[in-house]
Protein chains: 2
Amino acid sequence: MINALNRNIPDAALGYGKHGVYNGAFEYRGCEKRVIVNSRTVLPKEKKLLNSLDEAIQLSGLKSGMTISFHHHLRNGDETMKKVLRAIEKKGIGDLTIAATALFDCHTFLEDYIRSGVVKNIQANYMSGGIAQRISCGLLDSPVIMRTHGGRDRAVESGDLHVDVAFIAAPAADEYGNLNAVDGPSAFGSFGYAYSDARYADCSIAITDNLMPYPLTYVSIDQTLIDYVVVVDKIGNQEGIVSGTTKMTRDPIGRKIAKLTAEVIKNSEYFKDGFSFQTGAGGVSLATAEYTHRYMLDKEVKGSFGLGGITKPMVDMLRDGCFDVLLDTQCFDLDAIESLKTNRRHREISCSTYSNMHTKGSVVNLLDIAVLGATEIDLDFNVNVTTGSDGTIIGGSGGHADAAAGSKMCIVVANLFRGRFPTVVNEVTTINTPGETVDVLVTECGIAVNPRRDDIIQCLRKTDLPLKTIAELKDIANKTCGIPEPLKTTDKIAAVVEYRDGTLLDVINCVE
Amino acid sequence: MINALNRNIPDAALGYGKHGVYNGAFEYRGCEKRVIVNSRTVLPKEKKLLNSLDEAIQLSGLKSGMTISFHHHLRNGDETMKKVLRAIEKKGIGDLTIAATALFDCHTFLEDYIRSGVVKNIQANYMSGGIAQRISCGLLDSPVIMRTHGGRDRAVESGDLHVDVAFIAAPAADEYGNLNAVDGPSAFGSFGYAYSDARYADCSIAITDNLMPYPLTYVSIDQTLIDYVVVVDKIGNQEGIVSGTTKMTRDPIGRKIAKLTAEVIKNSEYFKDGFSFQTGAGGVSLATAEYTHRYMLDKEVKGSFGLGGITKPMVDMLRDGCFDVLLDTQCFDLDAIESLKTNRRHREISCSTYSNMHTKGSVVNLLDIAVLGATEIDLDFNVNVTTGSDGTIIGGSGGHADAAAGSKMCIVVANLFRGRFPTVVNEVTTINTPGETVDVLVTECGIAVNPRRDDIIQCLRKTDLPLKTIAELKDIANKTCGIPEPLKTTDKIAAVVEYRDGTLLDVINCVE
């Protein structure tokens, strides 16, 4: 089947989508139901604190063929998934589906469990490092289901993704399963991605390296949602949080793009009191936040909320009164964690509140400006942040498509060249964010506005910013890089890409 | 049918219970499922802030025969229900079921709506004042369903009580439906009873007299749970919160009982570091908190949590370090509201977290000592706080049966005489709390311990406290009061009393 973005969704992939193929960013309202949830009655004197992961897995009723879930707040520092799989393997359980919110290089060990049959399927909103590469090379028999962050919570809450047992790495827990992520040596700040799993899984197991006296003072996930608590030596390394995409750029081209982006923001109609803002965690996005911070102070613009993945530049903006509140699904650095812990104006929100399209209104719906990255972008502004030039998986939407769809002005920032590859192309390798939700592309060689947004074009024409059409940017790129060879992939599907509403947006084929 | 407490549940009442008759306090684990929930998809640019209650009712799809819900945090100061019913009446909608968490004298206006057919059925955990009296006199065709606070959340979450439209009085709201109860002129502190309604109703309408800029800084109920926001001039009067049962006793007999109770606490095995404590809001309970406060400071006992309905004495204890944390489902006075707003160690919890028996563990499960009131208590320690000497409804369990069941030592405090009526009786008019969950009775004439609790008896025998059997207390009472005439009631059932697990505990007949 061909979807609304002209992507061919093969029959083999259709079985993975319960909602058909993509038909436009705001066309499908979903089932408008939240699924029935299995619960459990815990009476007085019954204990929830167990002696081992082994005991918790036993009591959870986990069986071969079930789905287990993990959240990725510890990013490349996560040590919990490995501990859980080791315990599961010992029990002879296999054929599991891993429903992770994201996978990083630290999860490359999964290859062994896939080969040994403990793990059969994977779902993840984002994958990088060795595990992503192996999957691109055909490690799995069935495609990975890749969703947006909001789309995963949609799937969990609607029942599309039924989690049998959720394993929740918890930086602080009490014996009855109240959890927070701000206390303890493995604090990661916001518990954003774990809320829906805790609430909708049949069984939710908290794994902590910091058992605190009952009752926890600050609680993110409530005791009534957690079945068991297990203490381990270490759930992960805080240092692993600042990894991959979350480092500030020092590159002069990156800084040029960031400055241009901040100029676009400053000159837009959205840059006024009450302004709301999200940046990704990529280097250029972070630098954009720094410049925007400066302009807000210069122009005395006082925003309402900063959203996202929260980073130090956003914390600095909160501190300086540029925003009233930060709404945080994920802390990308230690400054953000500290701020969430100490500043009541820095508030964590669940990923569903952040961006689940099929709720009574997520925060992205009210977002003015989002600054997001791109690996590739096509002439219709469709964006790829999922696959690299060679076709291997190097990321995924995460919140990309969510923030793009919700925001009034979505700005994509990208170097026009990635080595010898052009960023603007005729056809992106993978679409994870539809062009109808992308408004502006900023590169070091100029700024292109989506022709759908004549209002923005008119606005920016009043400035001396280097406006170009996206076709002009593509020509510049091609003059330098030439036109890249068509990608060679196999017929095997490595992953299906769901849009945030659950429809099928694209497929990713295995590389040769 | 006869239940485990030997109460006759007539066939007419059986139809109201979906789970049969009461069979013991910890016998029934329920369905262990949370019900499927209708939701709604709100896309960017769609508004939730409406112009009037009328518009909200229109959009909610409310139809005759449906169930609408209200919470009672404003107690006798509530003005929201009246506004809602006026708007509903104008639309010609009738035969409604009102699922309130509690009704007070200020809700006596409901009589008119019942007589005019707008309202057909009522469910409430507690009823007092004119409306309770009218219902006792046969105002309704069908019995009121009276639950415990935890039992109502159980019913909502399991689907036994399906709320079509929840009307949520909100002291602070933003345009997208984030709510809190600490900001604004009608602040009532904790939103405890409204959480489940907001989450499980088909449509949740927030009614506020204090619209604040988006996003609210402190959020209790999240935007994804609220369909519409309506602004009215006033949701109620803060002064009405301190009413009825929430005034400190100055009566010397009451103070004597309170002191004896605090002595029981001090001499119990539970009075040590980590101790947790709940008092009701009755005058004697409040005075007990004061004495306990003193003893904790004297003995340097540092408790873990104070629970409940929170009052000034508990706030004072938190301030003085007697407790680490207060867990609050309902603020009973302005001191509690201010404390919740300003002290992060004073934390609101949903009523489900507080006391829903069919969850993965509510807070009452971990409670050491609860101090609760009684209108009547029988020789098996079964307690009535629902009906008065003349058989009319004057209250209801609220959290009474929940705290009794969860706590390790439940102390009931009561004057041995209420005017010419004895408090200890052969058979209580209504059972709302089973005797197997009640451990100690403290009166001005002596202390009786439930024979099931030999450990407590042994412990208190080491003191000079005036221990008696409950039969001895009854004899003292009878010597003064005589034995009261048997109550005359009609065959018509005014209310059925559900236990916290959903089983039928008792029925209340209409008075003549």
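Residues numbered from 1 in each chain as written. Chains lettered and ligands numbered in written order. Predicted model: local features only at pLDDT ≥ 70, side-chain atom pairs only at ≥ 80, totals over all residues. Heavy atoms only, no water.

> Lay out the overall build of chain A with the relevant residues and their values.
Each helix and strand in chain A was counted, giving 15 helices and 27 strands. Relative to its length of 512 residues, chain A is compact, with a C-alpha radius of gyration of 22 Å against a globular reference of 24 Å. Seen through its C-alpha atoms, chain A measures out along the principal axes to roughly 70 × 55 × 40 Å. Counting the 512 residues in chain A, one finds 67% classified as buried. Across chain A, the fraction of contacts at a sequence separation of at least 24, relative to all contacts at a separation of at least 6, is 73%. Summed over its atoms, the accessible surface of chain A is roughly 17100 Å², and 48% of this surface lies on carbon and sulfur atoms. (Helix = DSSP H or I, 4+ residues; strand = E, 2+ residues; numbered from the N terminus. Rg over C-alpha atoms; globule rule 2.2 N^0.38 Å. Buried < 20%, exposed > 50% of the residue type's maximum accessible area, 1.4 Å probe, protein only. Contact = heavy atoms within 4.5 Å. Areas by Shrake-Rupley, 256 points an atom, 1.4 Å probe, with all protein chains shown as cover.)

> Could you give an account of the side chain of Ser397(A), with specific residues and numbers?
Residues and elements named next belong to chain A. Residue position: Ser-397 is located in the loop between strand S18 (383–384) and helix H13 (400–406). In this structure the side chain of Ser-397 is engaged in a polar contact, spanning 3.1 Å, whose partner is the backbone nitrogen of Ala-401. Those residues in contact with Ser-397 that lie beyond four places of it in its chain are Asn-125, Arg-147, Thr-148, Val-385, Thr-386 and Asn-432. (Polar contact = N/O pair within 3.5 Å; in protein donor to acceptor, adjacent residues only side chain to side chain.)

> Account for a nonpolar patch on the surface, with residues named and values stated.
Nonpolar side chains collect at one region of the surface, where Leu49(A), Leu211(A) and Val231(A) lie side by side and expose about 210 Å² of accessible area between them. When you line up the elements, Leu49(A) lands in the loop between strand S2 (37–38) and helix H2 (53–60). (Patch = residues over 30% accessible without salt bridge, like charges linked within 9 Å, V, L, I, M, F, W, Y side chains within 5 Å. Salt bridge = Lys/Arg side-chain N within 4 Å of Asp/Glu carboxyl O.)

> An account of the relation of the copies chain B and chain A is needed here, citing residue identities and associated values.
Once chain B has been moved 0.0 Å along the axis and rotated by 180 degrees, it coincides with chain A to within an RMSD of 0.0 Å. Seen this way, the second copy is the image of the first under a two-fold rotation axis. Closest to the rotation axis within chain B is the C-alpha of Ile36(B), separated from it by 2.0 Å. Residue by residue, 100% of the interface of chain B is reproduced at the interface of chain A, so both copies engage with the same surface. (Least-squares fit on C-alpha atoms with pLDDT ≥ 70 in both.)

> Requested: an account of the interface of chain B and chain A, with residues and values cited.
Taken residue by residue, the interface counts 58 residues in chain B and 59 residues in chain A. When the buried surface of chain B facing chain A is broken down by residue, Arg34(B), Arg344(B) and Lys360(B) rank first, second and third, together holding 18% of it. Summed over the shared surface of chain B and chain A, the number is 4 salt bridges. In this structure, the salt-bridge partner of Lys360(A) is Asp227(B), at a minimum N-O distance of 2.6 Å. Across the chain B-chain A interface, the total number found is 37 residue pairs in polar contact (both at pLDDT 80 or more). Residue composition of the side of chain B that touches chain A, grouped by class: 25 nonpolar, 17 polar and 16 charged. Two elements, strand S1 (residues 33–34) of chain A and strand S2 (residues 37–38) of chain B, share 2 bridges in a ladder whose sense is antiparallel. The residue bridging Lys33(A) from the neighbouring strand is Asn38(B), located in S2(B). (Buried area = accessible area lost by both parts, 1.4 Å probe. Nonpolar A, V, L, I, M, F, W, Y, C, P; charged D, E, K, R; others polar. Pairing = 2+ DSSP bridges.)

> How would you summarise the packing of helix H8 (residues 252–267) of chain A against helix H9 (residues 283–299) of chain A if you had to cite specific residues and measurements?
Residue and element names in this part refer to chain A. At a closest axis distance of 8 Å, the pairing of H8 and H9 adopts a crossing angle of 40 degrees. When the interaxial angle is binned, H8 and H9 end up oblique. By crossing handedness, the relation of H8 to H9 is classed as right-handed. Each of Gly-254, Arg-255, Ile-257, Ala-258, Lys-259, Thr-261, Ala-262, Glu-263, Ile-265 and Lys-266 in H8 lies in contact with H9, whose residues at this interface are Val-284, Ala-287, Thr-288, Glu-290, Tyr-291, Thr-292, Tyr-295 and Lys-299. Among the residues forming the contact of H8 with H9, the class breakdown is 8 nonpolar, 4 polar and 6 charged. (Axes fitted to C-alpha atoms, helices over the stretch in contact; angles between N-to-C directions. Parallel < 35°, antiparallel > 145°, perpendicular 65-115°, else oblique. Left-handed = near helix turned anticlockwise from the far one by under 90°.)

> Report on the domain arrangement of chain A, specifying residues and quantitative values.
Residue and element names in this part refer to chain A. On domain assignment, one finds that chain A holds domain 1 (11–21 + 46–241) and domain 2 (244–481). For domain 1 and domain 2, the distance between their C-alpha centres works out to 28 Å. Contacts between the two partners involve 35 residues from domain 1 and, on the opposite side, 33 residues from domain 2. Roughly 2600 Å² is buried in total at the junction of domain 1 and domain 2, and carbon and sulfur atoms are behind 55% of that figure. Linking domain 1 with domain 2 are 1 salt bridge. Between Lys-341 and Asp-183 there is a salt bridge whose closest N-O contact spans 3.1 Å. (Domains from an automatic or database assignment.)

> Hey, could you go over the pattern of salt bridges for me, with residue numbers and the actual values?
Applying the stated criterion to the full structure yields 52 salt bridges over all chains. Salt-bridge contacts for Arg319(B) lead to Asp316(B); the nearest nitrogen and oxygen are separated by 3.1 Å. Of this pair, Arg319(B) and Asp316(B) both sit in helix H10 (residues 312–319), separated by 3 residues, roughly a single helical turn. Look at Arg319(B) and you get exposed, because its relative accessible area is 57%. The partner of Asp368(B) in a salt bridge is Lys408(B), and the shortest N-O contact between them spans 3.3 Å. On the criterion of sequence distance, the pair formed by Asp368(B) in the loop between helix H12 (351–355) and strand S16 (369–373) and Lys408(B) in the loop between helix H13 (400–406) and strand S19 (409–413) is long-range, its members being 40 residues apart. Its relative accessible area of 11% is what places Asp368(B) among the buried residues. In the salt-bridge network here, residues are joined through shared partners; they are Arg147(A), Arg154(A), Asp160(A) and Glu498(A).

> Quick rundown of the environment of Leu297(A)? Include the residues and the values.
Residue and element names in this part refer to chain A. Among the structural elements, Leu-297 can be located in helix H9. With 219 residues separating them along the chain, Leu-297 and Asp-78 place their C-alpha atoms 37 Å apart. When residues no more than four places from it in sequence are discounted, the contact partners of Leu-297 are Asp-320 and Cys-322.

> An account of the packing of H10(B) against helix H11 (residues 334–342) of chain B is needed here, citing residue identities and associated values.
A pair of packed helices is characterised by two quantities: the angle between their axes and the separation of those axes. All names here are of chain B. Running from N to C, H10 and H11 point in directions that differ by 40 degrees, and their axes come no closer than 8 Å. H10 and H11 meet at a crossing whose hand is left-handed. Contact residues: H10 offers Lys-312, Val-315 and Leu-318, while H11 offers Asp-335, Ala-336 and Ser-339.

> Lay out the packing of aromatic side chains in plain terms, naming residues and giving numbers.
Counted by the stated rule, this structure contains 22 aromatic pairs over all chains. Here Phe188(B) and Phe191(B) contribute two aromatic rings whose centre-to-centre distance is 5.3 Å and whose plane-to-plane angle is 90 degrees, an arrangement assigned as edge-to-face. Across the pair, exposure class does not vary: Phe188(B) and Phe191(B) are buried alike. Sitting above the plane of the Tyr176(A) ring, Lys48(A) keeps its charged end 4.6 Å from the centroid. A cation over a ring is seen here: Lys266(A) above Tyr295(A), with NZ or CZ 4.2 Å from the ring centre. (Phe/Tyr/Trp six-rings, centres within 6.5 Å; stacked < 30°, edge-to-face > 60°. Lys NZ or Arg CZ within 6 Å of the ring centre and 35° of its normal.)

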